[in-house]
Amino acid sequence: MADITVELVSVERMLWSGSASIVTAQTTEGEIGLLSGHEPMLGQLRENGVVTIRPVDGGKLVAAVHGGFLSISPEKVTILADYAIWADEVDTALAESQLQDADEFTRTRAEAEMSAVRRKAEA
């Protein structure tokens, strides 16, 4: 299977850049799987979404994302998130407490973080 170059960038930092066999992302239109040679397109990330990257050297990288866009060309996927954090970096106790927060931004960001933690735990 051919690989595809992927960049995951948030407003605050570059999270990852490298070659992957597949990328999945939750967009406002639904979840999309991206392989090398995918038809070019632009997509809008969900406010409480998850991005999963399968690097060519193995493993699974899972990030919570909150808003932003993704750009797909036959050779590259660029994910530009307003907010992104690796599932491994999530403070689950804090995120769980924020699920009931009155502030919508805080609540949806916590939903994304908890979704990423659950996705990371899946086989």
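Because the structure is a prediction, the values reported are computed rather than measured.

### Remarks on the packing of aromatic side chains
1) Next: Using the criterion set out here, one finds zero aromatic pairs in the structure.
2) Next: Above the ring of Tyr83, the side-chain terminus of Arg109 is found at 4.9 Å from the ring centroid.

### Some points on the environment of Ala64
1) Next: Tracing the sequence through the fold places Ala64 in strand 6 (residues 61–72).
2) Next: Relative accessible area serves as the criterion here: at 0%, Ala64 is assigned to the buried category.
3) Next: A sequence separation of 17 residues divides Ala64 from Ala81, and the C-alpha atoms of the two residues are 9.5 Å apart.
4) Next: In this structure, Ala64 is in contact with Gly49, Tyr83, Ala84, Ile85, Ala112, Glu113 and Ala116, ignoring residues within four places of it in sequence.

### A word on a negative patch on the surface
1) Next: Taken together, the side chains of Glu47, Asp82, Asp103 and Glu104 define an acidic patch exposed on the protein surface.
2) Next: Tracing the sequence through the fold places Asp82 in strand 7 (residues 76–86).

### Digging into the pattern of salt bridges
1) Next: Applying the stated criterion to the full structure yields four salt bridges.
2) Next: Linking Glu122 and Arg119 is a salt bridge whose minimum nitrogen-to-oxygen distance equals 4.0 Å.
3) Next: A relative accessible area of 46% means that Glu122 is categorised as partly exposed.
4) Next: In this structure Arg119 comes out as buried when scored by relative accessible area, which is 17%.
5) Next: Shared partners join several salt bridges into a network, and the residues in it are Glu31, Arg119 and Glu122.

### Brief notes about the environment of Gly67
1) Next: In this fold, Gly67 is placed in strand 6.
2) Next: Residues Gly67 and Tyr83 lie 16 residues apart in sequence; the distance between their C-alpha atoms is 6.8 Å.
3) Next: With near-sequence residues (within four places) excluded, Gly67 lies in contact with Leu45, Arg46, Glu47, Leu80, Ala81 and Asp82.

### Here we look at the nonpolar core
1) Next: Grouped together as the largest cluster of nonpolar side chains are 22 residues, with contacts concentrated most on Val6, Val23, Ile53 and Ile79.
2) Next: At the level of secondary structure, the elements contributing two or more residues to this core comprise strand 1 (4–10), strand 2 (14–27), strand 3 (30–34), strand 5 (49–55), strand 6 and strand 7.
3) Next: Excluding its chain neighbours within four sequence positions, the residues that come into contact with Ile53 are Val6, Leu8, Trp16, Ala20, Ile22, Val23, Gly59, Lys60 and Leu61.
4) Next: Of all hydrophobic cores here, the second largest spans twelve residues; its members include Val62, Ile85, Val90 and Ala95.

### Some details on helix 2 (residues 104–121)
1) Next: Taking 1.5 Å of rise per residue, the 18 residues of helix 2 would be expected to cover 26 Å, and the 26 Å separating its terminal C-alpha atoms lies within 8% of that figure.
2) Next: Where helix 2 is concerned, the buried positions are Thr106, Thr108, Ala110, Ala112, Glu113, Met114, Ala116 and Arg119.
3) Next: The secondary structure elements touched by the buried residues of helix 2 are strand 2, strand 3, strand 5, strand 6, strand 7 and helix 1 (92–98).

### Structural notes on the pairing of strand 6
1) Next: Summarising burial for strand 6: nine of the twelve residues are buried, a large majority.
2) Next: Relative to strand 6, strand 4 (residues 41–44) is paired through four bridges, and the arrangement is antiparallel. When the bridges of strand 6 are listed, Leu42 appears paired with Ser71.
3) Next: With five bridges joining them, strand 5 and strand 6 adopt antiparallel strand pairing. By the bridge assignment, Thr52 is partnered in strand 6 with Val62.
4) Next: One ladder, built from nine bridges, connects strand 6 with strand 7; its direction is antiparallel. In the sheet register, Gly68 faces strand 7, and the bridge partner there is Ala81.
5) Next: Joining the antiparallel neighbours strand 6 and strand 7 is a turn of three residues.

Parameters at a glance
Residues numbered from 1 in each chain as written. Predicted model: local features only at pLDDT ≥ 70, side-chain atom pairs only at ≥ 80, totals over all residues. Heavy atoms only, no water. Phe/Tyr/Trp six-rings, centres within 6.5 Å; stacked < 30°, edge-to-face > 60°. Lys NZ or Arg CZ within 6 Å of the ring centre and 35° of its normal. Helix = DSSP H or I, 4+ residues; strand = E, 2+ residues; numbered from the N terminus. Buried < 20%, exposed > 50% of the residue type's maximum accessible area, 1.4 Å probe, protein only. Contact = heavy atoms within 4.5 Å. Patch = residues over 30% accessible without salt bridge, like charges linked within 9 Å, V, L, I, M, F, W, Y side chains within 5 Å. Areas by Shrake-Rupley, 256 points an atom, 1.4 Å probe, with all protein chains shown as cover. Salt bridge = Lys/Arg side-chain N within 4 Å of Asp/Glu carboxyl O. Lys, Arg positive; Asp, Glu negative; His and termini not counted. Charge placed at Lys NZ, Arg CZ, Asp CG, Glu CD. Core = buried A, V, L, I, M, F, W, Y, C linked by side-chain atoms within 4.5 Å. Expected span 1.5 Å × (residues − 1). Pairing = 2+ DSSP bridges.

Shape descriptors only; they carry no functional weight alone.
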